[in-house]
Amino acid sequence: MSFVVGIVGLPNVGKSTLFKALTKKQVDIAPRPFTTINPNIGIVEVPDQRLEKIAEIVGPEKVIPAFIKFIDIAGLIKGAHKGEGLGNQFLAEIRNCDIILEVVRAFENIEAENVSGKIDPQNDIETIKTELELKDLEIKERKKSPVKNEEEEEDLLAQKPVIYLLNTDNKADYVPPKTEYLALNLKEEMEITELSEAEKKELGLNSKLDHIVNACYNILDLITFFTIVGQKETRAWALKKGLKAPEAGKIVHTDFKEKFIRAEVINWQKLIELKDWKQAKEKGEIKTVGKDYVVQDGDIVEFKI
Ligand SMILES: Nc1nc2c(ncn2[C@@H]2O[C@H](COP(=O)(O)OP(=O)(O)OP(=O)(O)O)[C@@H](O)[C@H]2O)c(=O)[nH]1
Ligand SMILES: [Mg+2]
């Protein structure tokens, strides 16, 4: 199971710039609208110091972080819901996303045309919102079923959680949007990812991309649990908050759900204190839990089948 974040916004606002900074993938970035047509898909690791600390005491061959999938979707314009600028195709790509990360333009760049005419974050936010709502209306009309089941409701574009990300160059004047938002200079962020550690230090530059990944993780309502496979692999997994041990097991291996009997669990910090699993077990610090156990953020889990 993976969780999907859709990068959405007007054309030329820096969506692909953000995608490249996050995934380090080479994608087309250019000062013209509709540079991106086919979506770019990439995976981003979720930063987690707990994983590093667990790995320090375990010393595994491989350390694998949890990840989120990001999709860089083509720009939407007014009328997208009616097919304007291939809008229908692009809107359909949003439907498969769990949340929307909306990039909003707040930078001056005369080369890169601003399709909405001027820097006006609130106005741009409303343009996109309207397109999503109009598309939903059209879908509802088409279905015309009086009772909506939960799944259909969930499918609505305007119902998806949104994180607004203002792409600012810290120079342009603008009235901030009325909603909550993150503000970053995405071009600078992309450039930072191309620097070495030493260069970053020298220039005193720090990436803020982790804030975005963490914000996505939070709004997706995810927790992290860990697994340790001997000296081989220590791994972090993303799980929807509130799910039980067999559901967590399913993410690791399909058998872990079907054949789930019990799991052994310890909080990550407790294991760090006690230094190793065997010792923790001897001290009675490893809990044995059944299929109704709700997995907690920071649990280290060993599934027993
Ligand atoms: N000055 C400045 N230019 C930026 C910034 N972010 C992006 N740009 C430029 O704006 C242009 C468009 O950037 P893209 O990342 O391709 O934008 P996009 O939203 O993916 O555009 P489409 O795929 O066409 O919808 C490029 O020339 C970028 O270099 C920024 O923070 N500051
Ligand atoms: Mg693009």
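What counts and how
Residues numbered from 1 in each chain as written. Chains lettered and ligands numbered in written order. Predicted model: local features only at pLDDT ≥ 70, side-chain atom pairs only at ≥ 80, totals over all residues. Heavy atoms only, no water. Core = buried A, V, L, I, M, F, W, Y, C linked by side-chain atoms within 4.5 Å. Buried < 20%, exposed > 50% of the residue type's maximum accessible area, 1.4 Å probe, protein only. Helix = DSSP H or I, 4+ residues; strand = E, 2+ residues; numbered from the N terminus. Domains from an automatic or database assignment. Contact = heavy atoms within 4.5 Å. Near = heavy atom within 4 Å. Polar contact = N/O pair within 3.5 Å; in protein donor to acceptor, adjacent residues only side chain to side chain. Areas by Shrake-Rupley, 256 points an atom, 1.4 Å probe, with all protein chains shown as cover. 1 Å grid on protein atoms, 1.4 Å probe; cavity = no way out; pocket = protein on both sides within 12 Å on 5 of 7 lines; lining within 4 Å. Sits in = over half its atoms within 2 Å of the grid points. Nonpolar A, V, L, I, M, F, W, Y, C, P; charged D, E, K, R; others polar. Salt bridge = Lys/Arg side-chain N within 4 Å of Asp/Glu carboxyl O. Axes fitted to C-alpha atoms, helices over the stretch in contact; angles between N-to-C directions. Parallel < 35°, antiparallel > 145°, perpendicular 65-115°, else oblique. Left-handed = near helix turned anticlockwise from the far one by under 90°.

Here the focus is the nonpolar core. The biggest cluster of nonpolar side chains holds 58 residues, and the ones touching the most others in it are Leu18, Ile68, Phe70, Leu76, Ile94, Leu101 and Cys216. Top contributing element to this core by residue count: helix 8 (residues 209-219), with 5 residues. Here this core spans two domains, and each of domain 1 (4-219) and domain 2 (242-304) adds at least three residues to it. Not counting residues up to four positions away in its chain, the partners in contact with Phe70 are Val5, Ile7, Phe19, Leu22, Asn40, Ile41, Gly42, Val44, Leu101 and Cys216. Core analysis: the second largest hydrophobic core is formed by 16 residues, Leu239, Ile251, Phe260 and Val265 among them.

So, about the site of ligand 1. Surrounding ligand 1, one finds 24 residues, the nearest of these being Lys15, Thr17, Phe34, Thr35 and Thr36. Between an oxygen atom of ligand 1 and a main-chain N or O atom of Ala30, the distance comes to 3.4 Å. Asn109 places a side-chain nitrogen or oxygen 3.1 Å from a nitrogen atom of ligand 1. Look at ligand 1: alone it shows 660 Å² of surface, and the protein chains cover 93% of it. At a threshold of 2 Å from the grid points, most atoms of ligand 1 map onto the largest pocket. Counting only elements with at least two residues in the shell around ligand 1, the list comes to helix 1 (15-23) and helix 6 (186-193). No other element matches the 3 residues that helix 1 contributes to the shell around ligand 1. Here the residues of the shell around ligand 1 sort into 10 nonpolar, 10 polar and 4 charged.

Tallying each qualifying case throughout the model produces 14 salt bridges. In this structure, the salt-bridge partner of Asp48 is Arg50, at a minimum N-O distance of 2.9 Å. For Asp48, a relative accessible area of 13% puts it in the buried group. Residue classification places Arg50 among the buried positions, given a relative accessible area of 17%. Linking Asp292 and Lys244 is a salt bridge whose minimum nitrogen-to-oxygen distance equals 3.7 Å. Of this pair, Asp292 sits in the loop between strand 11 (287-289) and strand 12 (299-304) while Lys244 sits in the loop between strand 9 (233-240) and helix 9 (245-252), and the two are 48 residues apart along the sequence. For Asp292, a relative accessible area of 52% gives the class exposed. Connected via shared salt-bridge partners are Asp48, Arg50 and Asp297.

Bringing the environment of Gly9 into the picture now. Mapped onto the elements, Gly9 comes out in the loop between strand 1 (4-8) and helix 1. Since its relative accessible area comes to 0%, Gly9 is described here as buried. Residues Gly9 and Lys129 lie 120 residues apart in sequence; the distance between their C-alpha atoms is 9.9 Å. Excluding residues that lie within four positions of it along the chain, Gly9 makes contacts with Lys15, Ala74, Gly75, Leu76, Glu102, Val103 and Ile128.

A word on the packing of helix 1 against helix 6. Interaxial distance between helix 1 and helix 6 falls to 9 Å at its minimum, and their mutual angle equals 30°. Between helix 1 and helix 6, the crossing angle belongs to the class labelled roughly parallel. Judged by the twist between their axes, the crossing of helix 1 over helix 6 is left-handed. Between helix 1, through Thr17, Leu18, Lys20 and Ala21, and helix 6, the contact on the second element is made entirely by Leu186, Lys187, Glu189, Met190 and Thr193. Partitioned by chemical class, the residues of the contact of helix 1 with helix 6 number 4 nonpolar, 2 polar and 3 charged.

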